[in-house]
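# Coordinate analysis (summary)
For reference, the chains in residue letters:
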Amino acid sequence: MKGVSSNFLLLFIATICAILMVTGIYLFTPNEYFSWSQAVFIFFISFISSTILILWVHFFILKKIDRLVETVKNYRANGDKPSHHKNQSSNNIENLNFEIEAWADDRKNENEQLHKLEVYRKEFLGNVSHELKTPVFNIQGYILTLLDGGLEDPSINRNYLMRAEKSVDRMITIIDDLEAISQLETGELQIEPERFDIVLLAKDVIEAMEMKATEKGIILTIPEDIKPVFVYADRFRIRQVIVNLIVNSIKYGKEYGETKIRFYDIGDTVSIEIADNGIGIAKEHLPRLFERFYRVDKSRSREQGGTGLGLSIVKHIIEAHSQTINVMSTEGAGTVFSFTLKKG
Ligand code: ADP
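Just so it is clear, the structure is predicted and the values come from calculations on it, not from any experiment.

Reading the values: rules and limits
- Residues numbered from 1 in each chain as written.
- Predicted model: local features only at pLDDT ≥ 70, side-chain atom pairs only at ≥ 80, totals over all residues.
- Helix = DSSP H or I, 4+ residues; strand = E, 2+ residues; numbered from the N terminus.
- Rg over C-alpha atoms; globule rule 2.2 N^0.38 Å.
- Buried ≥ 20, exposed ≤ 12 C-beta atoms within 10 Å, placed from the backbone.
- Axes fitted to C-alpha atoms, helices over the stretch in contact; angles between N-to-C directions.
- Left-handed = near helix turned anticlockwise from the far one by under 90°.
- Contact = placed C-beta atoms within 7 Å.
- Near = placed C-beta within 6 Å.
- Nonpolar A, V, L, I, M, F, W, Y, C, P; charged D, E, K, R; others polar.
- Core = buried A, V, L, I, M, F, W, Y, C linked by C-beta atoms within 7 Å.
- Domains from an automatic or database assignment.
- Pairing = 2+ DSSP bridges.

## Re the overall build of the chain
Of regular secondary structure, the chain possesses eight helices and seven strands. For 344 residues, the compact-globule estimate of 2.2 N^0.38 gives 20 Å, and the C-alpha radius of gyration of the chain, at 37 Å, exceeds that figure by more than 25%. In terms of its C-alpha atoms, the chain occupies a principal-axis envelope of roughly 130 × 60 × 35 Å. Buried positions account for 19% of the 344 residues belonging to the chain.

Here it is, written out as structure tokens:
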């Protein structure tokens, strides 16, 4: 019925109604009483009244549909994305269909989003309680042993207190990382960019990390003749990125290995590379490496004091700068992390 004009349709229906009326009267009126002038008169009366009736129903329904379209539109505009259908077609029923379909799409996306959040929430809570359980149980064990007489035993009392303190430290690290990640994910943490020399910052981090690296015989290097490289970023957050990546290169580095920090000029950005010759990462783990709590070797990570949150914090920070981070790795040979920053 799409190609047929509504005026033609109206005339057609009115004519059919009028013909039916005349036929009805012709069939049910005895012949002696039927006259053609009356039939013509009835035809016109029926035609006009059907036209008025159809027009009235037509406008009445269209008005209702218009109102429905407006209600759905307003409802969507109050919580959902505005309609994609630019002032739409002249056909009200089509408009209503558009709006209802778009509305149903919104609801579907919302449900999917809620489902994802629910899965994420459960997974997150499970991971957090799992991470906190170990240090809490350790502390409880040490305290119970001390209460059971260990306190008077000079061969263990100090040692157990020191171990309990280590577990408290571990809890603090986990809580700090959780706080950082929740601030980054809720967007609470604002990036405060400034112009600074990234080479100087990297040298500063190397100096702070040197002791930790030397314990494993690892050397941290930066090109000797490098000139200052200015970037525009949040200095404090980028320090955290470099620290996390260097700490990982030490944790998962080979004894007497090397971690190299390099800088590359790529147009409007600078690429910062942190490369180690450590244990490396098997290919299948790379796509999930930046997920929270993802670890290649869980026991090794925990043994090294890892929370499984370091790389996810790093990724959030880089993404908050609208920049990118990449990883390349060969199992047994080493890993290279590289991220970009806007030139300052
Ligand atoms: P973690 O606290 O466990 O170190 P991260 O988020 O920092 O958590 O890293 C996630 C996982 O990625 C680690 O558990 C480790 O398996 C792997 N990984 C990270 N950096 C390196 C690296 N430089 N060399 C080898 N493996 C790495």
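Don't stop here, the text continues.
## Some thoughts on the packing of helix H5 (residues 198-215) against helix H6 (residues 235-251)
Helix-helix packing is characterised by the crossing angle of the two axes and by the distance between the axes. At a minimum axis separation of 10 Å, H5 and H6 run at an interaxial angle of 35°. Of the two elements, H5 crosses H6, and the hand of that crossing is right-handed. Counted together, Leu 201, Ala 202, Val 205, Met 209, Lys 212 and Ala 213 of H5 and Arg 235, Ile 238, Arg 239, Ile 242, Val 243, Ile 246, Val 247 and Ile 250 of H6 form the full contact between these two elements.

## Some words on the site of the ligand
Near the ligand, the surroundings consist of 23 residues, among which Tyr 252, Val 296, Ser 301, Gly 306 and Gly 310 are the closest. Put simply, the parts of the chain that give the shell around the ligand at least two residues each are H6 and helix H8 (310-320). Residue composition of the shell around the ligand, by class: eight nonpolar, 11 polar and four charged.

## Let's talk about the nonpolar core
Judged by nonpolar contacts, the single largest core of 31 residues is most densely connected at Ile 198, Val 241, Ile 242, Leu 245, Ile 246, Val 314 and Leu 341. Taken together, the elements giving at least two residues each to this core come down to H5, strand S3 (230-233), H6, strand S5 (269-276), H8 and strand S7 (334-342). Looking at which element gives the most residues to this core, the answer is H6, with six residues. Excluding its chain neighbours within four sequence positions, the residues that come into contact with Leu 245 are Ile 274, Val 314 and Phe 337.

## Some points on H8
In terms of burial, H8 is largely enclosed, as eight of its 11 residues are buried. Restricting attention to buried positions, one finds in H8 the residues Gly 310, Leu 311, Ser 312, Ile 313, Val 314, His 316, Ile 317 and Ile 318. Where H8 is buried, its residues contact helix H4 (157-186), H6, strand S6 (325-330) and S7.

## Examining the domain arrangement of the chain
Domain parsing of the chain yields domain 1 (6-108), domain 2 (120-186) and domain 3 (194-342). Look at where the C-alpha atoms of domain 1 and domain 2 centre, and you get two points 73 Å apart.

## Section: the pairing of S6
A regular strand places its side chains on the two faces of the sheet in alternate fashion. The sheet contact formed by S6 and S7 spans six bridges and is antiparallel. Bridging across to S7, Met 328 finds its partner in Val 336. Hairpin connection between S6 and S7: a loop of three residues separates the two successive antiparallel strands, and Gly 332 in this loop has a positive phi of roughly 85°.

## Considerations on unusual backbone geometry
Not every positive phi belongs to a glycine, and Tyr 256 is a case in point at roughly 60°. Residue position: Tyr 256 is located in the loop between H6 and strand S4 (258-266). Phi angles above zero are rare outside glycine, and Phe 293 is one such case at about 65°. Looking at where Phe 293 falls in the secondary structure, it is placed in the loop between S5 and helix H7 (298-303).

## Points about the sheet that holds strand S2 (residues 219-221)
Taking strand neighbours across the sheet as the criterion, the five strands line up as S2-S4-S5-S7-S6 in an open arrangement whose pairing is mixed. Strands with a single pairing partner mark the edges of an open sheet, and in this sheet they are S2 and S6. Sheet twist, expressed as the average angle between the axes of neighbouring strands with direction ignored, equals 15°. The sheet contact formed by S4 and S5 spans eight bridges and is antiparallel. Paired with Ile 266 across the bridge in S5 is Thr 269. Where H6 meets the sheet, it contacts S2, S4, S5 and S7, and its direction lies at approximately 25° from that of S5.

## A short note on the environment of Ile 274
Its place among the elements puts Ile 274 in strand S5. Ile 274 sits in the buried class, given 22 other C-beta atoms within 10 Å. Linking Ile 274 and Pro 223, residues 51 residues apart in sequence, is a C-alpha distance of 12 Å. In this structure Ile 274 touches Leu 245, Ile 246, Ser 249, Thr 259, Ile 261 and Phe 337, once residues within four positions along its chain are discounted.

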